[in-house]
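Residues per chain, in single letters:
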Amino acid sequence: MGSNSIHVTIFDQRGEGKMCLESCGADWCAPEVQQEAAERLQKIHGDQVRIEFFDLADPGGRARNPQVAAQVQSGGLQLPLLMINSEVRITGHFDLRQLVDAVEAQEELDIA
């Protein structure tokens, strides 16, 4: 069971004018939000979960993920985007609780 690692990838784009009055999800480009997510997943799942963040406003982020960047640019996917084990799980705004729930659901699928 320990060999089933979960790879979480979050894509967002800095400077998209995400200011909203209601809670519309986390700013996944913010270092403090990234750190909180990594710490929360580490606390719950230990080393079983790896998490990466990519800012598609950054040329390096686009270059390392050309397929995702193209789908976002064409309107096929909305940011922020959550992928688990290379599968799209959430497209559009989501928060830390939704991230944790999605990882837990993946863990249950891996065990079954």
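Definitions and limits used
- Residue positions are counted from 1 within each chain, in the order its sequence is given.
- pLDDT decides what is reported in this predicted model: residues at 70 or higher carry local features, side-chain atom pairs at 80 or more are listed and counted, and totals for whole chains, interfaces and linings draw on all residues regardless.
- Note that the side-chain values use all heavy atoms of the structure and ignore hydrogens as well as water.
- Helix and strand labels come from DSSP, where a helix needs a run of H or I of at least four residues and a strand needs a run of E of at least two; each type is numbered from the N terminus.
- When a residue's accessible area, from a 1.4 Å probe over protein chains only, is under 20% of the maximum for its type it is buried; when over 50% it is exposed; and in between it is partly exposed.
- A contact between two residues is defined here by any heavy atoms of the two lying within 4.5 Å.
- Whether two aromatic rings pair depends on their centres lying within 6.5 Å, for rings of Phe, Tyr and Trp, where Trp uses its six-membered ring; planes under 30 degrees apart make the pair stacked, over 60 edge-to-face, and the rest tilted.
- Nonpolar cores were defined as sets of buried Ala, Val, Leu, Ile, Met, Phe, Trp, Tyr and Cys residues, with membership established by side-chain atoms within 4.5 Å.
- Think of the arc as the fan of directions from the helix axis to the C-beta atoms.

This part takes up the overall build of the protein. Looking only at helices and strands, one finds 4 helices and 4 strands in the protein. Starting at the N terminus and ending at the C terminus, the protein contains elements arranged as β-α-β-α-α-β-β-α. Buried residues in the protein amount to 36% of all 112 residues. Partitioning the intrachain contacts of the protein with sequence separation of at least 6 by distance along the chain shows that 59% fall at a separation of at least 24.

Throughout the structure, instances matching the rule amount to 3 aromatic pairs. Plain terms: the ring middles of Phe11 and Phe54 are 5.5 Å apart, the flat faces sit at 20° to each other, and that makes the pair stacked. With Phe11 in strand β1 (residues 6–12) and Phe54 in strand β2 (residues 49–55), this residue pair connects regions lying 43 residues apart in the sequence. Aromatic pair Trp28 and Phe53: ring centres 6.3 Å apart, planes at 15°, arrangement stacked.

Turning our attention to the nonpolar core. Formed by 19 residues in total, the largest nonpolar core has its most connected members in Val8, Trp28, Leu82, Leu99 and Val103. Among the secondary structure elements, those contributing two or more residues to this core are β1, α1 (31–45), β3 (81–84) and α4 (96–111). In terms of residue count, the dominant contributor to this core is α4 (5 residues). If near-sequence neighbours (up to four positions away) are discounted, Leu99 is found in contact with Val8, Ile10, Trp28, Ala37, Leu41, Ile51, Leu82 and Phe94. Core analysis: the second largest hydrophobic core is formed by 10 residues, Val68, Val72, Leu79 and Met83 among them.

Our focus in this paragraph is the environment of Pro80. Relative to the elements of secondary structure, Pro80 occurs in the loop between α3 (66–74) and β3. With a relative accessible area of 0%, Pro80 lands in the buried category. Residues Pro80 and Phe54 lie 26 residues apart in sequence; the distance between their C-alpha atoms is 10.0 Å. Once residues lying within four places of it in the same chain are set aside, the contact partners of Pro80 are Phe11, Asp12, Trp28, Ile90, Thr91, Gly92, His93 and Phe94.

To continue, consider unusual backbone geometry. For the peptide bond that leads from Leu79 to Pro80, omega is -5°, which places it in the cis range. Notably, Asn85 is not glycine yet its phi reads approximately 50°, a positive angle. With respect to the element layout, Asn85 can be found in the loop between β3 and β4 (87–91).

For an α-helix, the turn length of 3.6 residues means that residues three or four places apart are oriented alike. Within α3 the residues assigned to the buried category are Val68, Ala69 and Val72. Buried positions in α3, seen along its axis, are confined to an arc of 100° and lie on one side of it. Summarising the geometry of α3, the exposed residues directed more than 90 degrees from the buried face are Gln67 and Ser74. On its buried side, α3 packs onto β1, α2 (59–64) and β3.

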